[in-house]
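Structure assessment
Take a look at the letters that make up each chain.
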Amino acid sequence: MAGGDGSAAPPPGWGLDLPDLSAPFAGRMEALAQDALNLVRENGAIAVPLTFLLAFAESLAFVSLLVPATVILVGLGALVGAGAVEFLPVWIAAATGAILGDAISYWFGWRFKGHVATMWPLSKTPELLPRAEAFFRRWGIAGVFFGRFLGPMRATVPLAAGISAMPLLRFKLATIASAFVWSAVMLAPGAFGAALLF
């Protein structure tokens, strides 16, 4: 079913009803993802820093909406599976990048409270932050952990945790654990999928 502007409507029952910010950039984002993967394929030495930066961008509240990091991370997993790069350093780089992105998002929320909603690009999608805050209020520490696995919530739940002044130790425990699980989930299908099939 298409929306009034011709865009595809989300499946009923998903409950997020978020605007598709990537639609105007889809072609450019796909090309960017392919270029990044080709660069890593040709020069494996950049896999670790690139993975760190992508996971950081994917987890940073103000950048996550603009970077096709998930697609590239899954593609990096395929390069691991092909033997172009090693799993362990890429996995650690993805987890630490995600942790740093969450930490900065938490700090922004803690420091600026509700004023973060007026900062770009959150000001262009005003429904994101209230949804993340409601998700965090309902699920608390579990919301920080599982929010990482929900695209629109990945970078905004740490922001909501900071706004709510979640105790820092609890936040760190949830974000570190989720970052290592999430990065493995992003990389594993490509890295180990072929081996499991044969």
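**A closer look at the packing of helix 4 (residues 87-112) against helix 6 (residues 156-163)**
- Orientation of helix 4 relative to helix 6, taken along the N-to-C sense of each, is 40 degrees, at an axis distance of 6 Å. It follows that helix 4 is oblique to helix 6 by the angle criterion. Of the two possible hands of crossing, helix 4 and helix 6 adopt the one that is right-handed. Of the residues in helix 6, those in contact with Asp102, Ser105, Tyr106, Phe108, Gly109 and Trp110 of helix 4 are Pro158, Leu159, Ala161, Gly162 and Ile163.
- Tallied by class, residues from the contact of helix 4 with helix 6 come to seven nonpolar, three polar and one charged.

**Points about the confidence of the model for the protein chain**
- With 81% of its residues at a pLDDT of 70 or more, the protein chain has an overall mean of 81.
- Below a pLDDT of 50 lies the segment residues 1-19, which in the model reaches 18 contacts outside its immediate sequence neighbourhood of four places, other chains included.

**Looking at the environment of Ile104**
- Relative to the helices and strands, Ile104 is located in helix 4.
- In this structure, the C-alpha to C-alpha distance between Ile104 and Phe56, residues 48 residues apart in sequence, is 9.6 Å.
- If near-sequence neighbours (up to four positions away) are discounted, Ile104 is found in contact with Phe56 and Leu60.

**Quick look at the nonpolar core**
- By size, the foremost hydrophobic cluster in this structure holds 23 residues, and its most contacted members are Leu76 and Val85.
- Looking at this core, the elements that each hand over two or more residues are helix 1 (26-42), helix 2 (47-59), helix 3 (69-81), helix 4 and helix 7 (168-197).
- With six residues, helix 3 is the single largest residue contributor to this core.
- With residues near it in sequence (within four places) discarded, Val85 still touches Val40, Gly44, Ala47, Leu76, Leu79, Val80 and Val90.
- Ranked by size, the runner-up nonpolar core spans twelve residues in total, among them Phe136, Val157, Ala160 and Ala174.

**Considerations on the packing of helix 5 (residues 128-147) against helix 6**
- The geometry of helix 5 relative to helix 6 is characterised by a closest axis approach of 8 Å and an angle of 90 degrees between their N-to-C directions. One way to sum up the angle between helix 5 and helix 6 is to call them roughly perpendicular. Across the interface between the two elements, Leu128, Leu129, Ala132, Glu133, Phe135, Phe136, Gly143, Val144 and Gly147 of helix 5 pack against Thr156, Val157, Leu159, Ala160, Ala161 and Ile163 of helix 6.
- Among the residues making up the contact of helix 5 with helix 6, the classes are represented as eleven nonpolar, three polar and one charged.

**Considerations on the pattern of salt bridges**
- On inspection of all chains with the given rule, the structure shows two salt bridges.
- The salt bridge partner of Arg148 is Asp102, with a shortest N-O separation of 2.1 Å. One end of the pair, Arg148, is in the loop between helix 5 and helix 6; the other, Asp102, is in helix 4, and 46 residues separate them in sequence.
- Using a relative accessible area of 2% as the deciding quantity, one classes Arg148 as buried.
- The buried category is assigned to Asp102, whose relative accessible area is 2%.

**Overview of a nonpolar patch on the surface**
- A grouping of Ile141, Leu169 and Leu173 is seen on the molecular surface, where their side chains present a nonpolar patch of about 290 Å² in accessible area.
- Looking at the secondary structure, you find Leu169 in helix 7.
- With relative accessibility at 60%, the residue Leu169 sits in the exposed group.

Rules of the game
- Here the residue numbers are simple positions, counted from 1 along each chain's written sequence.
- In view of the model being predicted, local features appear only for residues whose pLDDT reaches at least 70, and side-chain atom pairs are presented and counted only at 80 or more, with totals across whole chains, interfaces and linings using the full set of residues.
- Computation of side-chain values covers all heavy atoms of the structure but excludes hydrogens and water.
- Axis definition: a line fitted to C-alpha atoms, limited for helices to the stretch in contact. Angles are taken between N-to-C directions and run from 0 to 180 degrees.
- Only DSSP runs of H or I covering at least 4 residues are called helices, and only runs of E covering at least 2 are called strands; the numbering of each starts at the N terminus.
- Here the word oblique covers every angle except those under 35 degrees (roughly parallel), over 145 (roughly antiparallel) and from 65 to 115 (roughly perpendicular).
- Throughout, a crossing is termed right-handed when the near helix is turned clockwise from the far one, and left-handed when it is turned anticlockwise from it by less than a right angle.
- Between two residues, a contact is recorded if the distance between any of their heavy atoms is within 4.5 Å.
- Each residue is assigned to one class: nonpolar for Ala, Val, Leu, Ile, Met, Phe, Trp, Tyr, Cys and Pro, charged for Asp, Glu, Lys and Arg, and polar for all the others, Gly among them.
- The pLDDT value tells you how sure the predictor is about a given residue, anywhere from 0 up to 100.
- Side-chain atoms within 4.5 Å are what join buried Ala, Val, Leu, Ile, Met, Phe, Trp, Tyr and Cys residues into a set we call a nonpolar core.
- Under the scheme applied here, a residue whose accessible area is under 20% of the maximum for its type counts as buried, over 50% as exposed, and between as partly exposed, the area being computed with a 1.4 Å probe on protein chains only.
- Here a salt bridge means any side-chain nitrogen of Lys or Arg lying within 4 Å of a carboxyl oxygen belonging to Asp or Glu.
- Like-charged residues within 9 Å of one another, or nonpolar side chains (Val, Leu, Ile, Met, Phe, Trp, Tyr) within 5 Å, are grouped into patches, provided each residue has over 30% relative accessible area and no salt bridge.
- Surface accessibility follows the Shrake-Rupley procedure with a 1.4 Å probe radius. Residue values consider only the protein chains on display as shielding.

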